[in-house]
Amino acid sequence: MPADLAPLLLLVAASAVILGTVLQRVSGMGVGLVVSPTLALLLGPVTGVLLTNITTVVSAVLIGITLRPDIDWQRYRRLAPLIVVGSVPGALLVGAADRHWLEVIIGVALIGTLLTTALVRIPPMSGRLPAAAAGTAGGFLNTAVGVAAPAMLVYAQATNWQQRSFAATLQPIFGTMGLVSVLVKVGLGAAPASELPLAVVALVVAMVPIGIVIGGLVARRVPAAVGRKVAIVVVTVGALSLLGRGLAGVIS
């Protein structure tokens, strides 16, 4: 990180974490959507997504404590076991892909999953198969690109999951995904923990409680649907920027 740009980059990272945490407190999702493309742009796709995973764990634990009465633990148990299954190939992809190609993959994955949730009508489903597919896809996406929310949103739409329970139950799901992603990537050597800039890690983690406090105030006035729309706009801008930088690197 260039010394003259360090304060600006730290400010951008802190702002992204606060915004993402506010949106997650309001709508149940937002940290990965906002923070992943931002940190990937600032720190690179490997370190940026790894730090996003760490941020997700911290925010999910703290928000989950606040929303714990509405958590559907039965649904969590259906989804959680398949997270590891999806995380392993995600970590292998991170370890094998060139940095520029990884930026392209992250950008395309973010845009593609958002378009899918926005444009594709999800037919009603039930049973264990949708949960298994959502857990596997979420584990893969969270490990590879730091964003599992679209997979969970598709599952929620398919199973008619009510927003209040959905937003609360996402927290232990995201917490588990983030922890598994960190352990798998570090364990397989795909994302060395030694490359994490400690100053940025400390700042990002410190911003999470601030975002939660602000989010609690915002949640009283702003509908969850508005929070989702804001998250989609932010992640689209970040994903397009990341995709453009990755394509420029591949071409050059």
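Further up the page is the structure itself.
Owing to the predicted nature of the structure, the values given are computational and were not obtained by experimental measurement.

(A) Molecular detail of the packing of helix 1 (residues 6-27) against helix 3 (residues 45-67). Where helix 1 contacts helix 3, the two axes come as close as 11 Å, and the packing angle between them is 35°. You can see that helix 1 and helix 3 cross each other, and the crossing is right-handed. For the pair helix 1 and helix 3, the contacting residues are Val17, Thr21, Gln24 and Arg25 in the first and Thr55, Ser59, Ala60, Ile63, Thr66 and Leu67 in the second. Broken down by class, the residue content of the contact of helix 1 with helix 3 amounts to 4 nonpolar, 5 polar and 1 charged.

(B) Up close: a nonpolar patch on the surface. Taken together, the side chains of Val84, Val88, Leu92 and Leu188 define a hydrophobic patch exposed on the protein surface, amounting to about 330 Å² of accessible area. Relative to the helices and strands, leucine 188 is located in the loop between helix 9 (163-187) and helix 10 (198-219).

(C) The side chain of threonine 143, seen in detail. Tracing the sequence through the fold places threonine 143 in helix 7 (residues 128-145). A distance of 3.1 Å separates the side chain of threonine 143 from the side chain of serine 87, its partner in a polar contact. Not counting residues within four places of it along the chain, the set of residues in contact with threonine 143 comprises Val49, Ser87, Gly90, Ala91, Val94, Ser181 and Lys185.

(D) Here's a closer look at the packing of helix 2 (residues 31-43) against helix 3. Where helix 2 meets helix 3, the closest approach of the two axes is 7 Å, and the angle between their N-to-C directions is 150°. As summarised for this structure, helix 2 and helix 3 are arranged roughly antiparallel, according to the angle between their axes. For the pair helix 2 and helix 3, the sense of crossing is right-handed. Contacts between helix 2 and helix 3 pair Val31, Gly32, Val35, Ser36, Leu39, Ala40 and Leu43 from the former with Pro45, Thr47, Gly48, Val49, Leu51, Thr52, Thr55, Thr56 and Ser59 from the latter.

(E) Structural detail: the nonpolar core. The biggest cluster of nonpolar side chains holds 37 residues, and the ones touching the most others in it are Met29, Leu79, Val145, Met152, Phe166 and Phe174. Of all the elements in the fold, those that place two or more residues in this core are helix 3, helix 4 (73-79), helix 5 (83-96), helix 6 (99-119), helix 7, helix 8 (149-159) and helix 9. If one sorts the elements of this core by residue count, helix 9 sits on top with 7 residues. Core analysis: the second largest hydrophobic core is formed by 22 residues, Ala13, Ala191, Val201 and Val204 among them.

(F) Representation of unusual backbone geometry in the model. The backbone of asparagine 160 shows a phi angle near 55°, a positive value even though the residue is not glycine. Relative to the assigned elements, asparagine 160 resides in the loop between helix 8 and helix 9. When its relative accessible area of 58% is taken as the criterion, asparagine 160 is described as exposed.

Scoring rules and cut-offs
- As a convention, each chain's residues are numbered from 1 in the sequence order in which they are written.
- Two thresholds apply to this predicted model, a pLDDT of at least 70 for residue-level local features and 80 or more for giving and counting side-chain atom pairs, whereas whole-chain, interface and lining totals are computed over all residues.
- Here the side-chain values reflect all heavy atoms present in the structure, with hydrogen atoms and water set aside.
- Convention adopted: a line fitted to C-alpha atoms gives each axis, helices being fitted over their contacting stretch, and angles between N-to-C directions are expressed from 0 to 180 degrees.
- Helix and strand definitions follow DSSP, with helices as H or I runs of at least four residues and strands as E runs of at least two, each counted in order from the N terminus.
- Note on convention: near helix rotated counterclockwise from far helix by under a right angle means a left-handed crossing. Clockwise means right-handed.
- The contact criterion used throughout is that any non-hydrogen atoms of two residues lie within 4.5 Å.
- For this scheme, ten residues count as nonpolar: Ala, Val, Leu, Ile, Met, Phe, Trp, Tyr, Cys and Pro. Four count as charged, namely Asp, Glu, Lys and Arg, and the remainder, Gly too, count as polar.
- Patches draw on residues past 30% relative accessible area with no salt bridge. Two like charges within 9 Å are joined, as are two nonpolar side chains (Val, Leu, Ile, Met, Phe, Trp, Tyr) within 5 Å.
- Per-residue and other accessible areas were derived by the Shrake-Rupley procedure at a 1.4 Å probe size, with only the shown protein chains allowed to occlude residues.
- For this analysis, a salt bridge means a side-chain nitrogen from Lys or Arg found within 4 Å of a carboxyl oxygen belonging to Asp or Glu.
- For the purposes of these results, a polar contact is taken to be a pair of N or O atoms within 3.5 Å, where, inside protein, one atom must be able to donate a hydrogen and its partner to accept one; residues adjacent in sequence count only when each atom of the pair is a side-chain atom.
- Roughly parallel means an angle under 35 degrees; roughly antiparallel means over 145; roughly perpendicular covers 65 to 115; every other angle is labelled oblique.
- The definition of a nonpolar core used throughout is a set of buried Ala, Val, Leu, Ile, Met, Phe, Trp, Tyr and Cys residues joined through side-chain atoms within 4.5 Å.
- For the exposure calls, accessible area comes from a 1.4 Å probe over protein chains only, and a residue counts as buried if that area is under 20% of its type's maximum, exposed if over 50%, partly exposed in between.

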